[in-house]
Amino acid sequence: MRGPGDVPNREVLLATSADRPETGVDEALLPDALAELGLRADWAVWDESRPWAEADLVVLRTTWDYTNRRDEFLKWCESVPALANPASVVRWNTDKRYLGELISAGVPVTPTEVVEPGEPGGAAESVDWPDREFVVKPSVGAGSRGAVRFLPEQRAEAVRHLRGLHEEGVAALVQPYQPAVDREGETAVVFFGGVYSHGFVKGPLLDPADDSGELGLAKGPFATEPAPELRRVAEDVLDATSALLGIPRRELLYARVDLVRGEDGAPMLLELELTEPRLGFSLADRAAPLRFASAVRSELAHRAE
Ligand SMILES: Nc1ncnc2c1ncn2[C@@H]1O[C@H](COP(=O)(O)OP(=O)(O)O)[C@@H](O)[C@H]1O
Ligand SMILES: [Mg+2]
């Protein structure tokens, strides 16, 4: 008969990028939490040659350098036999055009116009520009890269920025700037294995369009207990995503739902992060890394079935 001592010491690789061999305060908590639950865990750079196939699970964490080589990154994801989140989820989630699918599914999302690279000049001409401050950002991006705020009268600059994104080969997203981000920040609602874990608030990240150089009032990041209406919308986002992708929520090892309140106070999705979100472990209660590690064990058990 097998006893607990016979359980193999399973290996988890945490994928990072070459420019971040030293991982931050958040990530530093993960290997110990995984070890506490009996797993061997190690960091590995995604575009270096490693025995990826030998790991029981490869977990995407701080692979933040993929944005200008998404194809290479997706090819690597697809080559890893046991990846979390799954490669198909990563493919869908690394292009913000998924916001359109969630809008169609009835989820409240920040109003978003997708501007595809088109004929020179043509695409920019047809944009329904917001009549208040707005954001132009790439459909593939992370860490606010390429996201810029504009005032309505800065249309010419916005068109130039949009064309620059098109020249890089990505679609552009145009959204009204949500002033609640300045007042109260955006709320990140974090789930492990489809189950709510914790929340935190992020302050504004984009420089103001009026050149004042002053970021808004909200400071962050800090831990928060999200209001019930925020949590409810976050749950709706996960359900809609699970239905769209045809996978159970449980198979999302981690998910971060970034919400902002519209001017009427109703929560809306700003971004759904299923690829490499910062998960706010250093801000959350001490058990958050252990809930993550427990979700990893659950995923390993499911894969062994
Ligand atoms: N429509 C918007 N209204 C207010 N702030 C925005 C808006 N779009 C982006 N931002 C700001 O820019 C940051 C980065 O944009 P986001 O869509 O989250 O892309 P990513 O995090 O993938 O770069 C957000 O965290 C937020 O601070
Ligand atoms: Mg974001």
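Residues numbered from 1 in each chain as written. Chains lettered and ligands numbered in written order. Predicted model: local features only at pLDDT ≥ 70, side-chain atom pairs only at ≥ 80, totals over all residues. Heavy atoms only, no water.

The protein chain appears in an unreviewed UniProt entry as ATP-grasp domain-containing protein from Actinopolyspora saharensis.

A. Representation of the layout of surface pockets within the structure. Counted as a void, the largest pocket has a volume near 940 Å³. What lines the largest pocket is a set of 44 residues, among which G143, S144, E186, K202 and L205 lie closest to the centre. Contributions of two or more residues to the lining of the largest pocket are made by α1 (25-28), β6 (134-138), β8 (172-176), β10 (195-202), β12 (254-261) and β13 (267-273). Its residues placed into classes, the lining of the largest pocket shows 19 nonpolar, 12 polar and 13 charged. Of the pockets and cavities examined, the second largest pocket occupies roughly 160 Å³. (1 Å grid on protein atoms, 1.4 Å probe; cavity = no way out; pocket = protein on both sides within 12 Å on 5 of 7 lines; lining within 4 Å. Points joined across faces, edges and corners; volume = space filled by probe spheres on them. Helix = DSSP H or I, 4+ residues; strand = E, 2+ residues; numbered from the N terminus. Nonpolar A, V, L, I, M, F, W, Y, C, P; charged D, E, K, R; others polar.)

B. Quick peek at the sheet that holds β12. Spatially, β11-β10-β9-β12-β13 is the arrangement adopted by the 5 strands of the open sheet, whose pairing is antiparallel. Sheet topology places β11 (222-224) and β13 at the edges, where each strand pairs with a single neighbour. Along the sheet, successive strands turn relative to each other by an average axial angle of 30 degrees, direction set aside. Bridge analysis of strand β9 (residues 186-192) against β12 gives 6 bridges, and the strand direction is antiparallel. If you follow V190 over to β12, its bridge partner there is R256. Its contacts with the sheet put helix α9 (residues 228-245) on β9, β10, β12 and β13, and the angle it makes with β12 is roughly 130 degrees. (Pairing = 2+ DSSP bridges. Axes fitted to C-alpha atoms, helices over the stretch in contact; angles between N-to-C directions. Contact = heavy atoms within 4.5 Å.)

C. Looking closely at a negative patch on the surface. A cluster of like negative charges, contributed by E157, D207, D210 and D211, occupies part of the molecular surface. Of note, D207 is situated in the loop between β10 and β11. D207 sits in the exposed class, given a relative accessible area of 57%. (Patch = residues over 30% accessible without salt bridge, like charges linked within 9 Å, V, L, I, M, F, W, Y side chains within 5 Å. Areas by Shrake-Rupley, 256 points an atom, 1.4 Å probe, with all protein chains shown as cover. Salt bridge = Lys/Arg side-chain N within 4 Å of Asp/Glu carboxyl O. Lys, Arg positive; Asp, Glu negative; His and termini not counted. Charge placed at Lys NZ, Arg CZ, Asp CG, Glu CD. Buried < 20%, exposed > 50% of the residue type's maximum accessible area, 1.4 Å probe, protein only.)

D. Structural view of the site of ligand 1. In the vicinity of ligand 1, 18 residues are found, and the nearest of them are K96, K137, S144, E186 and E271. With respect to ligand 1, the side chain of Q175 contributes an N or O atom lying 3.0 Å from a nitrogen atom. Here ligand 1 loses 96% of its free accessible area of 530 Å² to cover by the protein chains. Because more than half of its atoms lie within 2 Å of the grid, ligand 1 is assigned to the largest pocket. (Near = heavy atom within 4 Å. Polar contact = N/O pair within 3.5 Å; in protein donor to acceptor, adjacent residues only side chain to side chain. Sits in = over half its atoms within 2 Å of the grid points.)

E. Highlighting the domain arrangement of the protein chain. Per the domain assignment, the segments of the protein chain are domain 1 (4-91 + 295-304), domain 2 (98-108 + 179-274) and domain 3 (113-176). Summarising the inter-unit geometry, the C-alpha centres of domain 2 and domain 3 are found 22 Å apart. If you look at where domain 2 meets domain 3, you find 1 salt bridge. The partner of R149 in a salt bridge is D182, and the shortest N-O contact between them spans 3.3 Å. (Domains from an automatic or database assignment.)

F. Broad picture of helix α3 (residues 70-79). Buried residues of α3: R70, F73, L74, W76 and C77, and no others. Each buried residue of α3 sits inside an arc of 160 degrees when the element is viewed along its axis, so together they form one side. Across α3 from its buried face, at more than 90 degrees, point the exposed residues D71 and K75. Those residues of α3 that are buried lie in contact with β1 (11-16), β3 (57-62), β4 (83-84) and α4 (87-93). (Arc of directions from axis to C-beta.)

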